[in-house]
Amino acid sequence: MAKPASRPRNPSAAGSARKARRWPWVLLVLALILGGVFIAFRTPITGYASAGTAYSARVACSCRFVAGRDLADCEKDLLTGMELVMLSEDEEARSVTATFPLITSDTARLRDGYGCVLDRWEG
């Protein structure tokens, strides 16, 4: 009795299938490690983010509404290391909001006789 002809195996196809199944696990492990680092250093990260947004909002508000410069020009005044802080303005309320994505934001508004003052913190 003759054996049916078997198809030759393609070793490169089997290897690429294994690699394709490995990527989701690698990404999951990487996300878990990053999450663990964030949890371990949550207090300093949120502290620095809060200080950075408060500083940025106040400086940008003064630059925009006291000095009369454009907000895009005021972003140049931020310190090195504050590249993640995003600024937005409310022309009508004469305020600037600085946001550190997913963590915190602060708003400073121009008050007559006081200059730019941070809004009260709730917390």
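The model shown is predicted, which means the values in this text are computed figures rather than measured ones.

A. Geometry of the state of the cysteines. What the rule picks out here adds up to two disulfides. Bridging C61 to C116, the disulfide has an S-S length of 2.2 Å. An S-S torsion of about -75° defines the bridge between C61 and C116 as left-handed. On the criterion of sequence distance, the pair formed by C61 in helix α2 (residues 42–66) and C116 in strand β4 (residues 115–118) is long-range, its members being 55 residues apart. With relative accessibility at 0%, the residue C61 sits in the buried group. Between the sulfur atoms of C63 and its disulfide partner C74 the distance amounts to 2.0 Å. Across the disulfide from C63 to C74, rotation about the S-S bond amounts to roughly -85°, and the bridge is consequently left-handed. Of this pair, C63 sits in helix α2 while C74 sits in helix α3 (residues 71–74), and the two are 11 residues apart along the sequence.

About the thresholds
Residues numbered from 1 in each chain as written. Predicted model: local features only at pLDDT ≥ 70, side-chain atom pairs only at ≥ 80, totals over all residues. Heavy atoms only, no water. Disulfide = S-S within 2.5 Å. Helix = DSSP H or I, 4+ residues; strand = E, 2+ residues; numbered from the N terminus. Buried < 20%, exposed > 50% of the residue type's maximum accessible area, 1.4 Å probe, protein only.

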